[in-house]
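So the chains spell out like this:
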Amino acid sequence: MNLLHILVLLAGIGLLLLMVLRFKVQAFLALLVAAIFMGLATGMPMASVIKSITDGMASTLGFVATVVGIGAIFGQILESSGGAESLARSLIGKFGEDRARFALAITGFIIAIPVFLDVGFIIIVPVIYALARKTGKSLLCFAIPLLAGLAVTHAFIPPTPGPVAVAEILGADMGWLILFGFIIGLPVTLIAGPFWGSYIGRKMFIKVPDTFEAETDAPPARSFPSFGQVVAIIATPLALIVANTVSGIIAKAHGMEDEFVIQLLAFLGHPFTALLIATFLAIYFLGIRRGIDRDMIMRLSTKALAPAGLIILVTGAGGVFKEVLVDSGIGVTLAESMAGSALPPLVLAYILALIIRVTQGSATVAMITAAGIVAPIIADAGLSEPLKAIIVIAIASGATTLSHVNDSGFWLVGKYLGMNEKQTLRSWTVMETIISVTGFVFALILSRFF
């Protein structure tokens, strides 16, 4: 094992954390600087370091930028049309107030597929306020289930940026990732959401914050898109991607790769095409058909791309980080050291994501950095497609651990629920850690079958 490579990797991670935590350097810049440092410290020629930066950025963003960009517009149309709130109100109506926590968990799980966690939470929070006031229960009884659903899907299921970026870095199949994201994500959501929410809600009463009274006024249900319409549009890209994966497996087993139907499903089920179809369906059925003019749709689409740009750049910098690890030889060193280690790649991936998440706060940065470190190991190990997808879930689980004061989500939740730091730690932080631990345990169990 090359000791220099290990020391350079540790120093590179340390430099990354120091810049982000101590000097408040934006993650995009910090990842680039850390990658350059590692390349030069291992003796790479300066021209080769520049080439690695170019190659890493290009290879990662060729896929991620398109998926995140289209997904951001899709989510913005769903949010602005009232589709997300329609979903919440319909499910609560079907489940009833007594089982509203399950309805909210499912709502969060579905909404977070196209909509970012913080946006989904802000959209549905008026419904939570209304339920808490009507039932007299703690706000946590309803907020925690919603947040659990949002957090699980945000971390586990594409097209949210984290799992998309990690899947691209590790070369994991998107169809397998969606399938396992649902298989693992649903039980994790129930444990961390309705069950934990009911428990902590009994232990800690949180009333609706007075400052948000005015925000609970919502438009009448008739102004929202229908429940079936919203679910069908959200399900469209997922169904197409999974159909592509399943047809690919069948085609490979029977030598049918050149059949027109298989090629058509591969085209329609590629994330680019699937998301594009769903986005135009949303624009037409949730926008144009409901009276939203084309100029407004243009403005909403442009608005959606602003936050997506930051995510795309950070993800690209993560690709640079990975490329330098490979080109400098650090990746080979890691792979060789892991070959003789009893620690499986899945466990290593989880631990790395957990440590980075706890120390610097951003789940996305933790996922991308951990993926960059384990990518050479996974490439060398020759793992199956299902197992690579499970490792993506393990990384996502580790990156969900122990959200605290260095995570913007911690402050957002505390503000909207009117909680102080101690209360937020006891409720939201514990919920995030339950997601992490149960997600990893289920991933570990599932990996035994592959």
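In this text the structure is predicted, and so the values were computed from the model without any measurement.

(A) Fine view of the packing of aromatic side chains. Using the criterion set out here, one finds 10 aromatic pairs in the structure. When the centroid spacing of 6.2 Å and the interplanar angle of 80° are considered together, the rings of F102 and F195 count as edge-to-face. Within this pair, whereas F102 is found in helix α5 (residues 100-111), its partner F195 is found in helix α9 (residues 174-203), the two being separated by 93 residues in sequence. Geometrically, the ring pair formed by W176 and F450 is edge-to-face, given 6.1 Å between the ring centres and 70° between the ring planes. Note that W176 is positioned in helix α9 and F450 in the segment after α19 (421-447), a separation of 274 residues in sequence. W176 gets classed as buried once you look at its relative accessible area, which sits at 18%. With relative accessibility at 39%, the residue F450 sits in the partly exposed group. Seen from the ring of F227, K94 lies directly overhead, with NZ or CZ sitting 5.3 Å from the centre. Over the ring of Y416 we find K415, and its NZ or CZ is 4.6 Å from the ring centre.

(B) Quick peek at helix α1 (residues 3-22). In this model, α1 (20 residues) spans 27 Å end to end at C-alpha, consistent with the 28 Å of a helix rising 1.5 Å per residue. Among all positions in α1, only H5, I6, V8, L9, G12, I13, L16, L17, M19 and V20 are buried. Burial along α1 is one-sided: seen end-on, the buried residues are contained in an arc of 165°. Away from the buried face of α1 by more than 90 degrees, exposed residues L3, L10 and R22 are located. Two residues or fewer after α1 comes K24, characterised by a positive phi angle close to 55°.

(C) Structural context of a positive patch on the surface. Positive charge collects at one region of the surface, where R202, K203, K422 and R426 lie side by side. Those elements giving two or more residues to the positive patch turn out to be α9 and α19. Positionally, K203 belongs in helix α9.

(D) Quick peek at the nonpolar core. F121, F156, L170, F321, I395, L417 and M431 are the most contacted members of the largest nonpolar core, which has 155 residues in total. Here this core gets 14 residues from one element, more than from any other, and that element is helix α3 (residues 46-80). Residue contacts for F321: discarding those within four places in its chain leaves I13, L31, A34, A35, M38, T369 and I373.

(E) The pattern of salt bridges, seen in detail. Inspection of the entire model under this criterion finds 3 salt bridges. For K51, the salt bridge is made with D55, and the minimal N-O distance between the two is 2.7 Å. Taken together, the residues K51 and D55, both in helix α3 and 4 residues apart, mark about one turn of the helix. For D55, a relative accessible area of 27% puts it in the partly exposed group. The partner of E432 in a salt bridge is R357, with the nearest N and O atoms 3.0 Å apart. Taken as a pair, E432 in helix α19 and R357 in helix α15 (residues 345-360) lie far apart in primary sequence, 75 residues in all.

(F) A look at the environment of K94. Residue position: K94 is located in helix α4 (residues 83-95). Assessed through its relative accessible area of 58%, K94 is described here as exposed. With 84 residues separating them along the chain, K94 and I178 place their C-alpha atoms 26 Å apart.

(G) Layout of the side chain of T160. Note on placement: T160 falls in the loop between α7 (140-156) and α8 (161-170). Overall, T160 belongs to the buried group, its relative accessible area being 2%. Only 2.9 Å separates the side chain of T160 from the backbone oxygen of I157, close enough to count as a polar contact. The residues touching T160, leaving out its near neighbours within four places in the chain, are A112, I113, T153 and H154.

(H) A look at the side chain of S436. Looking at the element boundaries, S436 is found in helix α19. The buried category is assigned to S436, whose relative accessible area is 0%. Looking at S436, its side chain comes within polar contact range of the main-chain oxygen of S397, at 2.9 Å. Apart from residues no more than four positions distant in its own chain, S436 is found in contact with Y350, S397, G398, T400 and T401.

(I) View of the packing of α4 against helix α6 (residues 117-135). Axis separation between α4 and α6 bottoms out at 8 Å; the angle between their running directions is 30°. Comparing the axis directions of α4 and α6 gives the class roughly parallel. When you trace α4 past α6, the crossing you get is right-handed. Of the residues in α6, those touching α4 at A84, E85, A88, R89 and I92 are I123, I124, V127 and L131. Of the residues in the contact of α4 with α6, the class split is 7 nonpolar, no polar and 2 charged.

(J) Expanded view of the packing of α5 against α6. Where α5 contacts α6, the axes come no closer than 11 Å and their chain directions differ by 170°. In terms of orientation, α5 lies roughly antiparallel with respect to α6. Facing α5, whose interface residues are A100, L104 and I111, α6 presents G120, I124 and L131. In terms of residue class, the contact of α5 with α6 is built from 5 nonpolar, 1 polar and no charged.

(K) The arrangement of helix α10 (residues 227-254) in detail. Between the first and last C-alpha of α10 there are 40 Å, a value that for 28 residues agrees with the 40 Å anticipated at 1.5 Å per step. A bend of about 35° at A235 is the largest found in α10, and the proline P237 appears one to four places after it. Burial in α10 covers these residues: V230, I233, I234, P237, L238, I241, T245, S247 and A251. With its phi angle positive at about 65°, G255 sits one or two positions after the end of α10.

(L) Unusual backbone geometry, seen in detail. Residue P159 is bonded to the preceding P158 through a cis peptide linkage, with omega at 15°. With respect to the helices and strands, P159 occurs in the loop between α7 and α8. In this structure, K24 is a non-glycine residue whose phi angle is positive, near 55°. Its location among the elements puts K24 in the loop between α1 and α2 (27-41). Owing to a relative accessible area of 65%, K24 belongs among the exposed residues under this scheme. One non-glycine residue, L402, lies in positive phi territory at about 50°. Summarising the element assignment, L402 is placed in the loop between α17 (385-398) and α18 (408-417).

Cut-off values and rules
Residue positions are given per chain, counted from 1 along the sequence in the order it is written. Owing to the predicted nature of the model, reporting of local features is limited to residues with pLDDT of at least 70; listing and counting of side-chain atom pairs is limited to 80 or more, with chain, interface and lining totals taken over all residues. The basis for every side-chain value is the complete set of non-hydrogen atoms in the structure, without hydrogens or water. Centres within 6.5 Å are what make two rings of Phe, Tyr or Trp a pair, Trp counting through its six-membered ring; a difference in plane orientation under 30 degrees is then read as stacked, over 60 as edge-to-face, and the rest as tilted. Helix numbers and strand numbers start at the N terminus; a helix is a DSSP run of H or I with at least 4 residues, a strand a run of E with at least 2. Exposed residues in this analysis have more than 50% of their type's maximum accessible area, buried residues have under 20%, and partly exposed residues fall in between, with area computed by a 1.4 Å probe over protein chains only. Any Lys NZ or Arg CZ found within 6 Å of a ring centre and within 35 degrees of that ring's normal is scored as a charge over the ring. Multiplying 1.5 Å by the residue count of a helix minus one yields the expected span of that helix. Directions drawn from the helix axis to the C-beta atoms are what define this arc. Each patch is built from salt-bridge-free residues with over 30% relative accessible area, joining like charges within 9 Å and nonpolar side chains (Val, Leu, Ile, Met, Phe, Trp, Tyr) within 5 Å. Using the Shrake-Rupley algorithm and a 1.4 Å probe, accessible areas are obtained, with residue cover drawn only from the displayed protein chains. For salt bridges, the criterion is a side-chain nitrogen of Lys or Arg within 4 Å of an Asp or Glu carboxyl oxygen. Neither His nor the chain ends is counted toward charge; the positive residues are Lys and Arg and the negative residues Asp and Glu. A charge is said to be at NZ when it belongs to Lys, at CZ for Arg, at CG for Asp and at CD for Glu. We call a set of buried Ala, Val, Leu, Ile, Met, Phe, Trp, Tyr and Cys residues a nonpolar core when their side-chain atoms join them within 4.5 Å. Whether two residues touch is decided by their heavy atoms; if any such pair falls within 4.5 Å, the residues are in contact. The definition of a polar contact used here is a pair of N or O atoms within 3.5 Å, where within protein one atom must be able to donate a hydrogen and the other to accept one, and adjacent residues in sequence count solely through side-chain atom pairs. Angles here are taken between N-to-C directions and fall from 0 to 180 degrees, while the axes themselves are lines fitted to C-alpha atoms, restricted in helices to the stretch in contact. Note on terminology: angles under 35 degrees are roughly parallel, angles over 145 are roughly antiparallel, angles of 65 to 115 are roughly perpendicular, and the others are oblique. Each crossing gets its handedness from the near helix: less than a right angle anticlockwise from the far helix is left-handed, clockwise is right-handed. Side-chain classes are defined by residue name, with Ala, Val, Leu, Ile, Met, Phe, Trp, Tyr, Cys and Pro counting as nonpolar, Asp, Glu, Lys and Arg as charged, and the others, Gly among them, as polar. For a residue, the bend is simply the angle between two axes, fitted respectively to the seven-residue segment ending there and the seven-residue segment starting there.

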